[in-house]
Amino acid sequence: MDIPFLSLKALNKPYTAELEKAFHHFLNRGFYMLSDSVRQFESEFAAFCSAPFCVGVANGLDALELIMQSMELEKGAEVIVPANTYYASILSVLNVGLTPVLVEPDPHTFLLDPANAEKAITGKTAAILAVNLYGKMCDYDALGTLARKYNLKLITDAAQSHGARYKCSTDCPGADAIAYSFYPTKNLGALSDAGAVVTHHEALAQAVRARRNYGSEVRYQFDHLGKNSRLSELQAAFLSIKLRYLDAETERRRELAARYLSGIRNEQIILPPAETTHEDAWHLFVVRTPDREKLKAYLQGHGIGFDVHYPVPPHRQKALAAFNHLSLPVTEEIHRTVLSLPLNGTLSDRDADRIITTLNQYA
Ligand SMILES: Cc1ncc(COP(=O)(O)O)c(C=O)c1O
């Protein structure tokens, strides 16, 4: 029997009755845009993130762009970004007329390396964009110190880290604003596109709130050049339901990750680090292996699903031609060797054990 990498249908099945009820309520109530469900979810998600303000937006890319636009960073200013991230982190910087400066990650955690970030700071640097890749929290003590020392904005891309904890808190301390995606595959996933900006700064929250709705806070009065990036009322209702189960789902992810970490023993499979200063949300369980094509064929032959996050680094993408000349050996090695194993709330202990045994027999 096959073990899929991820089945969204199976993932949402336990919530069917509640989601259907929410849809009927939405349909019958007749307020389809920016109404009670969006406000309720914003307030619940802010509390979940240990922050006072949350603004729902249309997706994670918009959340990043709206943050940088609302900070009114000078056009062309530099934003330090980890070179090994999902393409959207870097695209967001370019889309708002800023200049991404790609830095090599920590080879152990794959996260933004504060020492490399510091070396990349110039007179033109305006912000650091940290990415909580695969569900792991970045080193916020070091990054916060850096941002204060050089008077930079610290922005977090938390599209993959809902529910992660840094020193026991779901907050990313020192970050001026945090961008979330609720794309269906995320740890907190809607049933369509959705996103949010979370912040401790009221003025920033207000600016994002206006900009997500054409730059308008008062009806038909436009104070900013905004866009249409409203969080869907229906998706907000769905997200409120799923948020109630997020802690339990994250716990299950942690149990499965611990099972993999203690069970997989094979010299050809390099395990991800087990964190101590923070609790990982384990969005992805990413191993590394020297011959990925061989491991892919082996897993396929054994009916075990997998994915690769990500096969081509951003600076090697055709769309980022201006960055193609860069040599970033750590990033390139990561992209050449990573492979993601199934890890989500629908995976049983039995299936996890079958994956472990199969991997341990891999030669
Ligand atoms: C790290 C990271 N940043 C940004 C995004 C963009 O989010 P969205 O697809 O909701 O625009 C994603 C989503 O895939 C992501 O994984």
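Definitions and limits used
- Residues numbered from 1 in each chain as written.
- Predicted model: local features only at pLDDT ≥ 70, side-chain atom pairs only at ≥ 80, totals over all residues.
- Heavy atoms only, no water.
- Domains from an automatic or database assignment.
- Buried area = accessible area lost by both parts, 1.4 Å probe.
- Salt bridge = Lys/Arg side-chain N within 4 Å of Asp/Glu carboxyl O.
- Near = heavy atom within 4 Å.
- Polar contact = N/O pair within 3.5 Å; in protein donor to acceptor, adjacent residues only side chain to side chain.
- Areas by Shrake-Rupley, 256 points an atom, 1.4 Å probe, with all protein chains shown as cover.
- Nonpolar A, V, L, I, M, F, W, Y, C, P; charged D, E, K, R; others polar.
- Helix = DSSP H or I, 4+ residues; strand = E, 2+ residues; numbered from the N terminus.
- Buried < 20%, exposed > 50% of the residue type's maximum accessible area, 1.4 Å probe, protein only.
- Contact = heavy atoms within 4.5 Å.
- Axes fitted to C-alpha atoms, helices over the stretch in contact; angles between N-to-C directions.
- Parallel < 35°, antiparallel > 145°, perpendicular 65-115°, else oblique.
- Left-handed = near helix turned anticlockwise from the far one by under 90°.
- Phe/Tyr/Trp six-rings, centres within 6.5 Å; stacked < 30°, edge-to-face > 60°.
- Lys NZ or Arg CZ within 6 Å of the ring centre and 35° of its normal.
- Core = buried A, V, L, I, M, F, W, Y, C linked by side-chain atoms within 4.5 Å.

### Here's the deal with the domain arrangement of the chain
Split into domains, the chain comes out as domain 1 (8–243) and domain 2 (247–360). Contact between domain 1 and domain 2 buries roughly 3000 Å² in total, counting both sides, with carbon and sulfur atoms accounting for 60%. Of all residues in domain 1, the largest losses of buried area upon contact with domain 2 belong to Y134, K136 and N187, amounting jointly to 22% of the total for that side. Here domain 1 is connected to domain 2 by one salt bridge.

### Some thoughts on the site of the ligand
Neighbouring residues of the ligand: N59, G60, L61, Y86, A88, S89, V131, D157, A159, Q160, S181 and K186. Note that an oxygen atom of the ligand is positioned 2.9 Å from one of the backbone N or O atoms of L61. Within the side chain of S181, a nitrogen or oxygen atom sits 2.7 Å from an oxygen atom of the ligand. Burial of the ligand by the protein amounts to 89% of the accessible area it has alone, namely 390 Å². Its residues assigned to classes, the shell around the ligand comprises five nonpolar, five polar and two charged.

### A closer look at unusual backbone geometry
Look at the link from H309 to Y310: it is a cis peptide, with omega at 15 degrees. Along the chain, Y310 falls in the loop between α11 (292–301) and α12 (329–337). The residue S50 is not glycine, and still its phi comes out positive at about 55 degrees. With a phi close to 55 degrees, N151 is a non-glycine residue in the positive phi region. You can call N151 exposed: its relative accessible area is 70%.

### Some details on the side chain of K136
Among the secondary structure elements, K136 is positioned in the loop between β4 (125–131) and α7 (140–149). A residue is classified by how much of its surface remains accessible, and K136, at 2% relative accessible area, is buried. Within the structure, K136 has its side chain in polar contact with the side chain of D280 (distance 2.5 Å). Beyond its immediate chain neighbours, meaning those up to four positions away, K136 contacts T109, L111, P272, P273, E275, H278, D280 and W282.

### So, the packing of helix α4 (residues 60–70) against helix α5 (residues 87–95)
It is the contact of α4 with α5, at a shortest axis distance of 9 Å, that shows an interaxial angle of 40 degrees. When the axes of α4 and α5 are compared, the pair comes out oblique. Viewed along their axes, α4 and α5 form a crossing whose handedness is right-handed. From α4, L61, L64, E65 and M68 reach across to α5, where they touch A88, S89, L91, S92, V93 and N95. Residue classes in the contact of α4 with α5 are distributed as six nonpolar, three polar and one charged.

### Points about the packing of aromatic side chains
Scanning all chains against the criterion turns up 14 aromatic pairs. Seen from their ring centres, F26 and Y32 are 5.0 Å apart, and the 50 degrees between their planes marks the pair as tilted. By relative accessible area, Y32 is classed as partly exposed at 40%. Ring pairs connect the aromatic residues F41, F45, F48, Y180 and F182, which therefore count as one cluster. Above the plane of the ring of W282 lies K136, whose end atom (NZ or CZ) is 4.1 Å from the centre.

### Considering α12
Since one α-helical turn is 3.6 residues long, residues separated by three or four positions face the same way. Those residues of α12 that fall on the buried side of the exposure criterion are T331, I334, H335 and T337. Where α12 is buried, its residues contact β12 (285–288), α11 and β13 (338–341).

### Some details on the nonpolar core
Ranked by internal contacts, the top residues of the largest apolar core, which has 55 residues, are F41, F45, I80, Y180 and F182. For this core, the secondary structure elements donating two or more residues are α3 (36–48), β3 (99–103), β4, α7, β7 (177–181), β8 (195–199) and α9 (233–243). With five residues, the top contributor of residues to this core is α3. Of the residues that make up this core, three or more belong to each of domain 1 (8–243) and domain 2 (247–360). Ignoring anything within four residues of it in the chain, the contact list for F41 reads F182, L188, L231, A236, L239, S240 and L243. Core analysis: the next-biggest nonpolar cluster, separate from the first, contains 31 residues, L64, I67, V79 and V208 among them.

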